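# What the coordinates show
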Amino acid sequence: QVQLVESGGRLAQAGDSLRLSCAASGRTFNSYNMGWFRQAPGKEREFVAAINRSGRTTFYADSVKGRFTISRDNGKNTVYLQMSSLKPEDTAVYYCAADQVSVTMRLPSTWGQGTQVTVSS
């Protein structure tokens, strides 16, 4: 089905801003709820943010609320994660995910390969 490719991860300093992108293939991008997850070394993958098909509804983990913003451009088949006020604890591999069923993203069906974000103090 849909294929996802993340980009934009890099080394950043605490307090910096960074924007991640997730490009989706295919013509049916607007039929998917989209989300971002992250996984730090030795930890389980955790939910970060999600956005529904139209972009009118969003959800955020408490740890990033007020600092991160998820958005999408259906014309470009792309979802973004704008990260501000980065903290060292944001260091992780960030994954893009797609879910045709629910914006809650409890069981994503498709994952990207991940992009590394490293935040130094």
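Scroll up to find the structure this text is about.
The text that follows walks through the structure, step by step, so that each part is easy to find. (Residues numbered from 1 in each chain as written. Predicted model: local features only at pLDDT ≥ 70, side-chain atom pairs only at ≥ 80, totals over all residues. Heavy atoms only, no water.)

Within the protein, the secondary structure is distributed over zero helices and eleven strands. From first element to last, N terminus to C terminus, the protein shows the α and β order β-β-β-β-β-β-β-β-β-β-β. Its C-alpha radius of gyration of 13 Å places the protein within 12% of the 14 Å reference for a compact globule of 121 residues. Here the C-alpha coordinates of the protein stretch approximately 40 × 25 × 25 Å along the principal axes. Looking at the protein residue by residue over its 121 residues, the buried ones come to 45%. Contacts in the protein between residues at least 24 apart in sequence constitute 56% of all its contacts with a sequence separation of at least 6. Charge-centre separation for the protein: the mean point of 14 positive side chains lies 7 Å from the mean point of 9 negative side chains. (Helix = DSSP H or I, 4+ residues; strand = E, 2+ residues; numbered from the N terminus. Rg over C-alpha atoms; globule rule 2.2 N^0.38 Å. Buried < 20%, exposed > 50% of the residue type's maximum accessible area, 1.4 Å probe, protein only. Contact = heavy atoms within 4.5 Å. Lys, Arg positive; Asp, Glu negative; His and termini not counted. Charge placed at Lys NZ, Arg CZ, Asp CG, Glu CD.)

Counting across every chain of the model gives four salt bridges. As a salt-bridge pair, Arg38 and Glu46 come within 2.7 Å of each other at their nearest N and O atoms. Among the salt bridges present, the one from Arg67 reaches Asp90, with a minimum N-O distance of 2.8 Å. Pair noted here: Arg67 is in the loop between strand E6 (58-60) and strand E7 (68-73) and Asp90 is in the loop between strand E8 (78-83) and strand E9 (92-99), with a separation of 23 residues, a long-range link. For the residue pair Arg67 and Asp90, the accessibility class agrees, reading buried in each case. (Salt bridge = Lys/Arg side-chain N within 4 Å of Asp/Glu carboxyl O.)

Time to look at the side chain of Thr91. Note on placement: Thr91 falls in the loop between E8 and E9. Reaching out from Thr91, the side chain makes a polar contact with the backbone nitrogen of Val119 at a distance of 2.9 Å. Setting aside chain neighbours within four positions, we find Thr91 in contact with Ala40, Gln116, Val117, Thr118 and Val119. (Polar contact = N/O pair within 3.5 Å; in protein donor to acceptor, adjacent residues only side chain to side chain.)

Counting residues in each nonpolar core, the largest one holds 29 residues, and the members touching the most others are Met34, Trp36, Val79, Leu81, Met83 and Tyr94. Secondary-structure elements contributing two or more residues to this core are strand E3 (18-24), strand E4 (33-39), strand E5 (46-51), E7, E8, E9 and strand E11 (115-120). When neighbours within four sequence positions are excluded, Met83 is seen to be in contact with Asp16, Ser17, Leu18, Leu20, Arg67, Phe68, Tyr94 and Val117. Of all hydrophobic cores here, the second largest spans five residues; its members include Phe37, Ala50, Val103 and Met105. (Core = buried A, V, L, I, M, F, W, Y, C linked by side-chain atoms within 4.5 Å.)

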